[in-house]
Amino acid sequence: MNKDKYWNPYVGGALLGILLFVTFLLTGHGLGSSGGVNRVVVAVEDVVAPQHVDETPYLAQMAGGDRDPLDHWIVWQVAGMLAGGFVSGLARKRVRLETYHGPKISSHTRWLMALLGGVLMGYGARMARGCTSGQALSGGAVLSTGSWAFTAAVFAGGFFLAWFVRRLWQPEE
């Protein structure tokens, strides 16, 4: 892969920091994504099983009665992040359909593992009351002790798990 196709990580990090500051300044909220994805899931659930949504307190606070779970700032923020990521990919000519995986794993298994990892991460984000962007970036920026502990746990867990899956990405001998 041509290194020119990637943004400079220092420039990207500085821009992310500026964006986080401006987000706090203009909206009073930091960055996050799991809350927006959660609200989209609740909106679908409200169409499929509205009685269940109305009878479950956690879901009812977002979509109970005539509440629209999509009428929330974080849903628009997630939509903006997806659009921005797509525009960034277009700008660097990196938008294409592909499944990136190591030589010891099939595309099918890679998709299955990605789905499993996404489900676990989504569940963990709801349990932690925030995803990595909400907890690590936004919570860390306001020096939240819980967010710093969360970030340390994410890095430790990723380092530990990498030991088990690293062989899938190494070239065959």
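Quick notes on the rules
- Residues numbered from 1 in each chain as written.
- Predicted model: local features only at pLDDT ≥ 70, side-chain atom pairs only at ≥ 80, totals over all residues.
- Heavy atoms only, no water.
- Helix = DSSP H or I, 4+ residues; strand = E, 2+ residues; numbered from the N terminus.
- Buried < 20%, exposed > 50% of the residue type's maximum accessible area, 1.4 Å probe, protein only.
- Areas by Shrake-Rupley, 256 points an atom, 1.4 Å probe, with all protein chains shown as cover.
- Lys, Arg positive; Asp, Glu negative; His and termini not counted.
- Charge placed at Lys NZ, Arg CZ, Asp CG, Glu CD.
- Salt bridge = Lys/Arg side-chain N within 4 Å of Asp/Glu carboxyl O.
- 1 Å grid on protein atoms, 1.4 Å probe; cavity = no way out; pocket = protein on both sides within 12 Å on 5 of 7 lines; lining within 4 Å.
- Points joined across faces, edges and corners; volume = space filled by probe spheres on them.
- Nonpolar A, V, L, I, M, F, W, Y, C, P; charged D, E, K, R; others polar.

**Q** Please clarify how the overall build of the chain should be interpreted in this entry.
**A** A count of helices and strands for the chain gives eight helices and zero strands. Starting at the N terminus and walking to the C terminus, you meet the elements of the chain as α-α-α-α-α-α-α-α. Across its three principal axes, the chain shows a C-alpha extent of roughly 60 × 35 × 35 Å. For the chain, with 173 residues in total, the buried portion stands at 23%. Working note: accessible area of the chain is about 12,600 Å², and carbon and sulfur atoms make up 69% of it. If the 14 positive side-chain charges of the chain are averaged to one point and the 11 negative ones to another, these points end up 15 Å apart.

**Q** Explanation requested: the pattern of salt bridges in the structure shown.
**A** Side chains carrying opposite charge are able to pair once their charged atoms draw close together. Tallied over the full model, the rule gives one salt bridge. Its salt-bridge partner being Arg96, residue Glu98 comes within 3.3 Å of it at the nearest N-O pair.

**Q** Can you walk me through the layout of surface pockets in this structure?
**A** Any space left empty among the atoms is revealed by the rolling of a water-sized probe across them. In this structure, the largest pocket encloses a volume near 570 Å³. Lining the largest pocket we find 28 residues, and of these Gly35, Ile74, Arg126, Arg129 and Gly130 sit closest to its centre. Mapped by element, the contributors of at least two residues to the lining of the largest pocket are helix H2 (34-48), helix H4 (57-63), helix H5 (73-91) and helix H7 (132-141). Of the residues in the lining of the largest pocket, the class split is eight nonpolar, 17 polar and three charged.

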